Amino acid sequence: MSFLEYQIKTVPGGIRKILYLNWGLVLVLVAVASMGFLMLYSVAGGSLQPWAEPQMKRFAAGLVLMFAIAMVPIWFIRNMAGLAYGISVLLLLAVEFFGEVGMGAQRWIDIGPLRLQPSELMKITLVMMLAAYYDWLDTRKTSRPLWVLIPVALIAVPAALVLIQPNLGTALMLLMGGAAVMFAAGVSLWYFGAVAALGAGAIASVFTLRGTPWQFLHDYQYRRIDTFLDPTTDPLGAGYNIIQAQIALGSGGWSGKGFMQGTQSRLNFLPEKHTDFIFTTLAEEFGFIGAFSLLLLYGLIIFFCLASAMQSKDRFSQLLLIGIGCTFFFYLAVNLSMVMGMAPVVGVPLPFLSYGGSVMLVLMVAFGVVQSAHVHRPR
Amino acid sequence: MRRTARDAEATARKVTRRALFLGGAQAAFIAVLGARMRYMQVEEADKYRLLAEENRINMRLIPPARGLILDRSGRVIAGNQQNYRVVITREETGDVEAVLARLAEVIPLTPEMLERTRKEMDRRSAFVPIVVADWLRWDDLAAVAVNAPALPGVNPEVGLSRRYPLVGDFAHVVGYVGPVSDADLAELEDPDPLLQIPKFQIGKIGVERWMEADLRGRSGTRRIEVNSVGRVMRELDRQDGVAGADVRLTIDADVQNFVQARLGEESAAAVVMDVTNGDLIAVASAPSFDPNLFVRGISQADYSALTENDHRPLANKSVQGAYPPGSTFKMVTALAALEAGAVTEKTAVHCPGFLEFGGRRFHCWKHGGHGTVSLEGALKGSCDVYFYDIAQRAGIDRIAEMGRRLGLGVRHDLPMSAISEGVMPDKAWKRDRHKAEWRIGDTINASIGQGYVLASPLQLAVMTARIASGNAVSPRLVHAIGDREVPVGDIPPLGIAPQHLRAVQEAMFAVMNAQGGTAWTSRIADETMLFAGKTGTSQVRNISAAERASGVISNEQLPWNRRDHALFVGYAPASAPRYAVSVVVEHGGGGSAVAAPIARDAILRALSDGLPPLSAYPANQRTTIETQQKNMKLRKPEPAAAQSSRA
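## Considering the packing of aromatic side chains
Now for step 1: Tallied over the full model, the rule gives 29 aromatic pairs over all chains.
Now for step 2: Seen from their ring centres, Tyr-41 of chain A and Phe-259 of chain A are 6.2 Å apart, and the 15 degrees between their planes marks the pair as stacked. Of the two residues, Tyr-41 of chain A is situated in helix H1 (residues 23-43) and Phe-259 of chain A in the loop between helix H9 (239-251) and helix H10 (263-266); the sequence distance between them amounts to 218 residues.
Now for step 3: Residue classification places Tyr-41 of chain A among the partly exposed positions, given a relative accessible area of 30%.
Now for step 4: An aromatic cluster of three or more residues is present, and its members are Phe-37, Phe-59, Tyr-298, Phe-328, Phe-352 and Phe-367 of chain A.
Now for step 5: The ring of Tyr-48 of chain B has Lys-47 of chain B lying over it, and the distance from NZ or CZ to the ring centre is 4.9 Å.
Now for step 6: Across the ring face of Phe-354 of chain B, the terminal group of Arg-361 of chain B is positioned such that the distance to the ring centre comes to 3.7 Å.

## Things to note about the pattern of salt bridges
Residues and elements named next belong to chain B.
Now for step 1: Applying the stated criterion across every chain, the model contains 35 salt bridges over all chains.
Now for step 2: The residue Arg-361 makes a salt bridge to Glu-356 at a minimum N-O spacing of 3.2 Å.
Now for step 3: On the basis of relative accessibility, which here comes to 44%, the residue Arg-361 falls in the partly exposed class.
Now for step 4: For the salt bridge of Arg-404 with Asp-426, the shortest nitrogen-to-oxygen distance reads 3.1 Å. With Arg-404 in helix H18 (residues 396-405) and Asp-426 in the loop between H18 and helix H19 (427-434), this residue pair connects regions lying 22 residues apart in the sequence.

## Describing the state of the cysteines
Two cysteines, two sulfur atoms, one covalent bond between them: this is a disulfide.
Now for step 1: If you walk through the whole model with that rule in mind, you get zero disulfides over all chains.
Now for step 2: Residue Cys-326 of chain A stays outside any disulfide, its sulfur separated by 9.2 Å from that of Cys-305 of chain A, the closest cysteine.

## Section: the side chain of Asn-22 of chain A
All names here are of chain A.
Now for step 1: As for its position among the elements, Asn-22 is in the segment before H1.
Now for step 2: A relative accessible area of 10% means that Asn-22 is categorised as buried.
Now for step 3: In contact with Asn-22, other than residues within four places in its own chain, are Phe-304, Ser-308, Gln-371 and His-374.

## Let's talk about the sheet that holds strand E20 (residues 565-572) of chain B
All names here are of chain B.
Now for step 1: Pairing is antiparallel across the open sheet formed by five strands, whose spatial order is E12-E11-E21-E20-E19. Of all the strands in the sheet, just strand E12 (280-286) and strand E19 (532-538) have a single pairing partner and so form its edges. For this sheet, the mean inter-axis angle between neighbouring strands, taken without regard to orientation, is 5 degrees.
Now for step 2: Sheet topology note: the strand E11 (residues 268-274)/strand E21 (residues 579-585) ladder contains seven bridges and is antiparallel. By the bridge assignment, Met-273 is partnered in E21 with Ala-580.

## Comments concerning helix H5 (residues 111-123) of chain B
Residues and elements named next belong to chain B.
Now for step 1: When the terminal C-alpha atoms of H5 are compared, their 19 Å separation across 13 residues agrees well with the 18 Å that a helix rising 1.5 Å per residue should span.
Now for step 2: Buried within H5 we find Met-113, Leu-114, Thr-117, Glu-120 and Met-121. Viewed along the axis of H5, the buried residues span an arc of 130 degrees, placing them on a single side of the element. Exposed side chains of H5 directed beyond 90 degrees from the buried face belong to Pro-111, Glu-112, Lys-119, Asp-122 and Arg-123.
Now for step 3: In this structure, the buried side of H5 is in contact with strand E3 (76-89), helix H3 (90-93), helix H4 (96-106) and strand E4 (129-133).

Conventions we followed
- Residues numbered from 1 in each chain as written.
- Chains lettered and ligands numbered in written order.
- Predicted model: local features only at pLDDT ≥ 70, side-chain atom pairs only at ≥ 80, totals over all residues.
- Heavy atoms only, no water.
- Phe/Tyr/Trp six-rings, centres within 6.5 Å; stacked < 30°, edge-to-face > 60°.
- Helix = DSSP H or I, 4+ residues; strand = E, 2+ residues; numbered from the N terminus.
- Buried < 20%, exposed > 50% of the residue type's maximum accessible area, 1.4 Å probe, protein only.
- Lys NZ or Arg CZ within 6 Å of the ring centre and 35° of its normal.
- Salt bridge = Lys/Arg side-chain N within 4 Å of Asp/Glu carboxyl O.
- Disulfide = S-S within 2.5 Å.
- Contact = heavy atoms within 4.5 Å.
- Pairing = 2+ DSSP bridges.
- Axes fitted to C-alpha atoms, helices over the stretch in contact; angles between N-to-C directions.
- Expected span 1.5 Å × (residues − 1).
- Arc of directions from axis to C-beta.

Given below as structure tokens:
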């Protein structure tokens, strides 16, 4: 029994739903995605192929998908949360056994023309599952140990599956996204304090166990941390990415070198310039003005999510929107920290700018859900 | 259990409070990111800009060595040659004008070169090195290196450039490379960063163009340490690119050279093909040109000389020329009629010198006619009336179907430019193309390879190879790419009744080896290499009734471009066919007098190991042939071992 049912009559129906869409959010999404197309066009040396055009097609498909999902009543989405979560976990298990290995990690599965990364999908379905869980749970039980263990398990299972892929960045994002929902649901702050203490202990043991047969991380992950701490120790090896990315970013200056004039990216100094490091090209070519504008647009997207959450009256919508907003925030926070030398290099793409199908589609699904909550909120 | 309204409100307040906290934390972090951005891009910008401009670790592309093009035994048709040049990079130079002026004192620079350099610099990004002068002597390069301190941003370089040692022999087949142009960049949709290198050479036509992907290879990179004026201090590491794959053709460079020389300055084309597997042994087109002229950018005068020549040296006549095949088409008509059951080998037709149809007279080339002839006599004497007659019995659609089966009117896919499809007309084609109904007169014209029928020398060679072998052989130009042999595809049988093929083959044998055959003088005397073939003479003008009455004007009296085309197709040895040959001499006159001797020389050259032996020719022709062979301008024979001209 939740607050959803008695509100149904006040919710718009049929074609009028289109009027109630959050058009401001749609506009900002299009603006951010367009910056992505421009950058993909630029890093390809002024060509729609091989990146910009497929990305545009995916975004167009994603928009359609978003509008379609926005028309689905939010309570239907809530009822499907368990199913979506279950399928995602099964897909994660599937990539574990049948997935393709790339970049030293097992990450995606080929389904016909679509190359799906279930770990990306998991980020959204986990948040949905947790929101549905707290919607169902009596609020007075929220902080009781047994009822805290259940969501912890819900988070831990997919996070562990992603970690053994191995994909540290996504595993961390799952943990943080799940924690954000639990936090918003009102779980006692003591639990978070305890986890923080445990985490500090874990980090200490990660480093003390290095070099022993019990080490937690892969060697390449240790090296990434080393080079993050001091990139200049290895200017031609792993530190190369970081140094070159920072040079690209910094040399952009106030207003940038101009569209398609980035020496760093055009001369192929930058690795992964069309995926994880695409922000450096933007910063190099459009300078602080361009980079900061993108940051503001991202801020606006998160603001829209949280504002919608405040306007919703039902617990599921509120927690879901907060969870999606936070997940989106973690994407850009981790990616930007990484390219600006504030965090070690973990493979997290920049939403809507990095080239890639799974992230784009998953994000559009997520914003479809945000729109659905916005459309179907009681007035 | 029911929730009370107060509980619900308390929970909602808690959610709101915590959401606001999350939002606040996120806003704070975004502010941190923004501050970091500002710090790096505004406060530290100068430091990073310096690092970017004088990137201590610099990355340069290493252009890969372009794959060689070799003949079937490994002789170099297209190789690479070292090219000394001087490049200038604007962003490392500072005062461009002063540096260029100083450079002009060190090496000879013409005002045009300077002008071109300035223009190029305006168009390209500041970091792209621009070629100021190339094809320099080693001394000039050394002079630039010695004066390096006075010439910031100027670097001597050694590049590789394409070279075609066999000059004109392969100009049409292999084509040439040239510097990549803006038009190429717009057209190619090729993101390869190599194309951004100024003057990077890519294939423009022919094999060079169509095999570009295999020949180009992949670029390597080298990371170098540079000092504050951008001069290279040392190489830190180097990843060599992958050199382009060598492409080995089926063509034999010596046979090609012989055939090309034999065609001389005629406007002509010849194709020699292996009938067993379709390997093209020679694909010649004359006159030819020097492809090396295009590699460095051809001068306007040279280019005009090529385009204004009425013998069209730039055209690859062997594959892109479409000629009325004339009497060489008669085998198609014959096979179509035989296969249709309309006639047998024995069917006799009376030729009085013309055929009257619908009030119009269709003439035989032989005034007074051939009398009564059957298939063998008709092909041997090239009687037109016989084919006028049997073509009507078979019908144009059957003839066209047979033509296509033998490879006419079909595009043979080879890595060469502008390959002609020719025309193999039928009723549907005429309705489609000319919006008119097919007439019997059209069939009569088509039966002797005139009218709408058009074929390239390549298609005629394929036709001959198919008739000689009875199999649907397809032409093949590429023998191997790198170490990978290109397999010969399936060669299915044509599905023509063996006795019909044999009848046509025997008639072609009679054309050359029976007294009175139209090509009797071009026979091969050597019993092991007997020649079978068919002559053709195709008109390029209509002969009016008045002209015919006053006596047809002989070719010699006509201006060159109104004379008949001379054609010949044939194969040898007749008993066990190995090679098929086709020759077209534009406006050459008669097929038997002009085209057949060339075809004989070409096929003998392919069959023998060196110049055709005089013993293969009829005894009374040997002195003439000996003189002719002496006067041919052949390339000096080279050892067949692959010589690498890679640096």
